[in-house]
Amino acid sequence: MMRFFLLLFLFTINLTADAQLYVAVSGNDRASGTKEAPFATVHAALRKAREMRRLKDSSIANGIRIFVGGGRYQFSEPLFVRLEDSGPTTFEAVPGEKPVFSGGMAIKGWKKVTGAVKHLPKNAQGKIWVTDEPAIGDEVLNFRQLWVNDKKAVRARDKNADTMDRILSWNKTTEQCWIPKPSADISSVEGLEFFIHQWWAIAILRVKSVVVKGDSALLSFHQPESRIQSEHPWPAPWISTETGNSAFYLTNAIQFLDSPGEWYLDKKARKLYYWPRSGENMNTASIIAPVLETLVRIEGTADRPVSNINFKGISFQHTTWLRPSEQGHVPLQAGMYLLDAYKLRPAGTPEKASLENQAWVGRPAAAVNVQWARNISFEGCGFENKASTALDFGKGVKDSRIVGNVFRDIGGTAVLAGVFSDEAMEAHLPFNPNDEREVSERLEIANNLITDAANEDWGCVGIGAGFIRNSQIHHNDISELPYTGISVGWGWTKAESIMRNNTISANRIVRYGRQMYDVAGIYTLSAQPGSAITGNYIDSVYKAPYAHLPSHWFYLYTDEGTSGVTVQNNWTPSEKFLQNANGPNNKWQNNGPSVADSIKRKAGLSEKYQHLLKDRAPYNKAYAINREQPVVIELIAAANANPDASKLKAVLREAGVKTDGLYQWQNHTVLFEKVQDASVLRGKLEKAFPGVQIKVYYDPFYEFNRSYCADTATAREWDHILLTANLVADPKLQKEYMEYHATQFEKWPEVSKGFCNASFQRLLIYRSGRQLVLVISIPKGESLDRLNPKTTENNPRVDQWNAIMKNYQQGIEGTKPGETWIFLRKL
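What you see as residue numbers is a count from 1 along each chain, following the sequence as written. Predicted model: local features are reported for residues with pLDDT of at least 70 only, side-chain atom pairs are reported and counted for 80 or more only, and whole-chain, interface and lining totals are derived from all residues. For the side-chain quantities, the full set of heavy atoms in the structure was used; hydrogens and water were omitted.

A few words now on the pattern of salt bridges. Within this document, salt bridges are pairs made up of a side-chain nitrogen of Lys or Arg and a carboxyl oxygen of Asp or Glu, the two lying within 4 Å of each other. Taken as a whole and assessed by the stated rule, the structure comprises 42 salt bridges. In this structure, the salt-bridge partner of Asp-340 is Arg-227, at a minimum N-O distance of 3.0 Å. Placement of the pair is Asp-340 in strand β29 (residues 336-343) and Arg-227 in helix α3 (residues 225-231), with a sequence separation of 113 residues. Classification of Asp-340 by relative accessible area gives partly exposed; the value is 26%. Across the pair Arg-363 and Asp-392 runs a salt bridge whose closest N-O atoms are separated by 2.7 Å. With Arg-363 in the loop between β30 (357-362) and β31 (366-371) and Asp-392 in strand β34 (residues 389-393), this pair connects stretches of sequence that are 29 residues apart. A relative accessible area of 1% means that Asp-392 is categorised as buried. Counted as one network, the salt bridges with shared partners bring together Lys-398, Asp-399, Glu-436, Glu-441, Arg-442 and Arg-469. By definition, any uninterrupted DSSP run of H or I lasting at least four residues is a helix, any uninterrupted run of E lasting at least two residues is a strand, and each is numbered from the N terminus. Burial here depends on accessible area, computed with a 1.4 Å probe over protein chains only, as a share of the maximum for the residue type. Under 20% is buried, over 50% is exposed, and the range in between is partly exposed.

So, in structure tokens, the structure goes:
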């Protein structure tokens, strides 16, 4: 009886078991696929599984598990998961092992260059290594990224680190750009590229010609990107005397190979050059160039979607991104590149009477692409070393999960979901397909670590969702981004679409906005009834050095057409939010620093997934973190024609700005106050006071505060004294003045000691063009006349500093001879 029971038990276990296939780097695709005789490729294992289903093998009644052993599997083609592979089918790492699906090729045969290399900078001669350009058959490999020991190398560029130059002008008619004369002769370089920073996006243009004239150079570009770049209105090259023109750099010329970690591919000579970093041994280093744009493709049809496919513990690495090399790259937003775009004259379309431009976009390549599928999951996987999008749940994906994965070193967006716009669909239209099978819904994106994403296309995001519904984005940890953390929505319209009932909750988003502004931790577009943004922790926005508008950064940002969204209980350091051209039925409640600290503690990865934090990219200390500072906005009227004070205060109150920070001198009226969006307020003031010049002074370039004092305590209330003066016109002297203030705390510590002695609470200096505004904050009720002498008391170096500063300053227009700094009286 006992024996019969044991046999019955074993038989029951066998009935509930799934079929198992094995893959190992030492395997053979002609093997049987057992643990003892594994396949060499996952492609062969998938084909075997497909045949087992076709032949109705009895062992697969409960699904098929494909176990993949550790090691690197170099893919020569994408793994295409089709309808016939619907499962349950699981691709799973052998326990304790780390399999890597790689779309790259190992580059070998390196030798140190012994002779001189034409056009190579002098400082690089004798330090460069070279190998033959890799090829597949007779086709030379084209690539834009190179990884050395799992660290991305830098494609040779004219400006090193994160520095950039600024364009001089852009001519939309001739489709040409003037830039400062490059330091190297690049007039005959083939393959030169131009990378430009534009508001909330970048563009990459292939350079057709460079013509040097004096201290400037005129760039012309190849088509089609030349036309698109000059015709599309949003976002266009930024031209501003206040905040600087668009920043740019040039890349892909051997003349720029001047620093360790840089590489250059000479296609004509078929040579690849690299300058090793310290500690890199070129005889043993792992050097990989990407070959494939897509590693895995899961795709059925509307009638027959793929279903029940799972990936667990797999690492997806080394994918390329070739569009910029072939057609340039001019995005509209979130990496969606423009196929065509132009201004409408006159404005208006049948769907939107006020629309002043139209655009059609394409979608960037993804390492893993899923469409027309159900019940797909990625859990515990790694997505690293990607040139473009990492994981894309596109059209017709339902009931699917992305949980507990690591996304690191991603060139584009880490996770994309839903339709944005089909190539034939104008970008401002709502998505309301006749066939609801096209809708992506009931998606879960949770407990993923996303770090160092969008490092090739700075305008991409951590998580980007277009038209999705009934989906959840929660408990993700997102950091080290050049732009936005989570972006949900598309269309720029209040018209309803399929988009609704989405929840963005308990995410931790920190250290974003490193390069691009018009930015937020969480950003939304268009009508999304029934959606909610709740319980998120958002902090630490980088101070982007080339931002078009330095104050145009936010923690939460509901943009054009957003409606039907509840924004509640989100912790942020301040209430720096933007609601721009929103639709109806949004609800904002209890957001900002007063939200309970428990929200911060609960946000981010759940306890089960916190082991992933060890893979978070380090804080980029080359960039400062923004602290919300007051801005200075100046209204300069004609003589004796100052704006009506009551009207000015009414405009400020309507914009949600306090009115007790107004000051005046002659025809100059100055606001010193915290402002949500200085550019929006500027537009309101220009509309209210036509003919009055409006100047915005964004972040101060110099700040003293009590942290520099032995006694760091601050007064409870402050008074602010505002003064203004001009810098001298000589650019060289202006530069010297700025350098003095940049190094004052190190080289002139006596100055800050004097401020401490005088009980100054804070001292800020703002600049717009030549004009300076100085703000001295002192304890409320104190007198500057009484405190100021204490700055020089037993402190002769302050007298010396003041004497030097006089060489750089002069009065603004309207001051008396010999008068420099003038006081603005409080209104």
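What counts as a ring pair is set by centres within 6.5 Å for rings of Phe, Tyr and Trp (its six-membered ring), and what kind of pair is set by the plane angle: stacked under 30 degrees, edge-to-face over 60, tilted for all other angles. A full pass over the atoms with the stated rule returns 46 aromatic pairs. Considering the side-chain rings of Phe-195 and Tyr-249, the 4.6 Å spacing of their centres and the 10° angle between planes classify their relative orientation as stacked. Taken as a pair, Phe-195 in strand β18 (residues 193-198) and Tyr-249 in strand β21 (residues 247-251) lie far apart in primary sequence, 54 residues in all. Residue classification places Phe-195 among the buried positions, given a relative accessible area of 4%. Judged by relative accessible area, which is 12%, Tyr-249 ranks as buried. Ring geometry for Tyr-523 against Tyr-557: centres 5.0 Å apart, planes inclined by 85°, an arrangement best described as edge-to-face.

Spatial strand order, β8-β9-β23-β22-β14: 5 strands in an open sheet with mixed pairing. One side of each edge strand has no neighbouring strand; the edge strands of this open sheet are β8 (111-112) and β14 (154-155). We call two strands paired when DSSP finds no fewer than two bridges between them. Two strands pair when backbone bridges link them, and strand β9 (residues 129-132) and strand β23 (residues 271-274) are joined in this way by 4 bridges, in the antiparallel orientation. Within β23, the residue paired with Val-130 across the bridge is Tyr-273.

Using only the protein atoms, space was sampled on a 1 Å grid; points where a 1.4 Å probe fits but cannot get out form cavities, open sets with protein on both sides within 12 Å along at least five of seven lines form pockets, and lining residues are those with an atom within 4 Å of a point. Grid points are joined across faces, edges and corners, and a volume is the space filled by probe spheres set on the points. Enumeration according to the criterion identifies 6 cavities of 30 Å³ or more in this entry. Counted as a void, the largest cavity has a volume near 60 Å³. If you trace the largest cavity, you find it lined by Ser-551, Trp-553, Lys-576, Asn-626, Arg-627, Glu-628, Gln-629, Pro-630, Val-631, Val-675 and Asp-699. Its residues assigned to classes, the lining of the largest cavity comprises 4 nonpolar, 3 polar and 4 charged. The classification used treats Ala, Val, Leu, Ile, Met, Phe, Trp, Tyr, Cys and Pro as nonpolar, Asp, Glu, Lys and Arg as charged, and all other residues, Gly among them, as polar.

Before going further, it helps to examine the state of the cysteines. Disulfides are defined as cysteine sulfur pairs within 2.5 Å. Tallying each qualifying case throughout the model produces 1 disulfide. The disulfide that involves Cys-709 links it to Cys-756, with 2.0 Å between the sulfurs. Residues Cys-709 and Cys-756 are joined by a disulfide whose S-S torsion is about -90°; by sign, that bridge is left-handed. Taken together, the residues span a long stretch of sequence, with Cys-709 in the loop between β58 (702-705) and β59 (718-727) and Cys-756 in helix α10 (residues 749-757) at a distance of 47 residues.

Looking now at the side chain of Ser-86. Of note, Ser-86 is situated in the loop between β4 (79-81) and β5 (89-93). Overall, the relative accessible area of 13% leaves Ser-86 in the buried class. A polar side-chain atom of Ser-86 sits 2.9 Å from the main-chain carbonyl oxygen of Leu-83. Sequence-distant contacts of Ser-86, defined by excluding residues within four places in its chain, comprise Arg-53, Pro-305, Val-306, Ser-307 and Ile-309. Whenever two N or O atoms come within 3.5 Å, that pair is a polar contact, provided that in protein one can donate a hydrogen and the other can accept it, and provided that, for residues adjacent in sequence, both atoms are side-chain atoms. Here a residue-residue contact requires only that any non-hydrogen atoms of the pair lie within 4.5 Å.

Time to look at unusual backbone geometry. Between Gln-223 and Pro-224 the backbone carries a cis peptide bond, its omega angle lying at 10°. Relative to the helices and strands, Pro-224 resides in the loop between β20 (216-221) and α3. Going from Arg-345 to Pro-346, the amide bond is cis rather than trans, its omega being -5°. One non-glycine residue with positive phi stands out, namely His-475, at about 55°. The phi dihedral of Ala-506 is positive, around 55°, even though this residue is not glycine. Inspection of the secondary structure assignment puts Ala-506 in the loop between β45 (503-505) and β46 (508-512).

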